[in-house]
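Examining the three-dimensional arrangement
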Amino acid sequence: MTADDSFGRLDDDDYPAYTMGRAAEMLGTTQGFLRAIGEARLITPLRSQGGHRRYSRYQLRIAARARELVDQGTPVEAACRIIILEDQLEEAQRINAEYRRAAASEEAPPAARGGA
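Since we're looking at a predicted model, the values are computed, not measured.

The rules we used
- Residues numbered from 1 in each chain as written.
- Predicted model: local features only at pLDDT ≥ 70, side-chain atom pairs only at ≥ 80, totals over all residues.
- Heavy atoms only, no water.
- Salt bridge = Lys/Arg side-chain N within 4 Å of Asp/Glu carboxyl O.
- Helix = DSSP H or I, 4+ residues; strand = E, 2+ residues; numbered from the N terminus.
- Buried < 20%, exposed > 50% of the residue type's maximum accessible area, 1.4 Å probe, protein only.

**Regarding the pattern of salt bridges**
According to the stated counting rule, one finds 8 salt bridges in the structure shown. One salt bridge connects aspartate 13 with arginine 57, and the closest N-O pair in it is separated by 3.2 Å. Here the residue aspartate 13 occupies a position in the loop between α1 (3-9) and β1 (18-19), and arginine 57 occupies one in helix α4 (residues 57-71), the gap between them amounting to 44 residues. The class for aspartate 13 is partly exposed, based on a relative accessible area of 30%. According to the relative accessible area criterion, arginine 57 is partly exposed, its value standing at 29%. Measuring nitrogen to oxygen at the nearest pair gives 2.5 Å for the salt bridge that ties glutamate 91 to arginine 94. Residue glutamate 91 and its partner arginine 94 are located together in helix α5 (residues 76-107), separated by 3 residues, close to a single helical turn. You can call glutamate 91 partly exposed: its relative accessible area is 36%. Exposure remark for arginine 94: the relative accessible area of 38% places this residue in the partly exposed category.

In structure tokens:
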């Protein structure tokens, strides 16, 4: 991988750019918290060749949401479950909206769909 390839990946939300220590620092939490949400399977950090955990920006956003819930008094395991359910609901709503758009385009008269 060239330096240019590496710089291009910095904009990738899924690129595991952050070490555990840096991720914890950015979130204002402990490494133990990151391990706990990993054990609860909320996020699964990638591992470097040396076996160290590496986190993406997307994973850090999820971890920040978990920390927000925990700071409000929610147990870690419950916070993780809430976030998983929120994610599933969001995905179901997205799929439902796609089905509604598809159904609406099928019900439109041919002229409205660009037909003759």
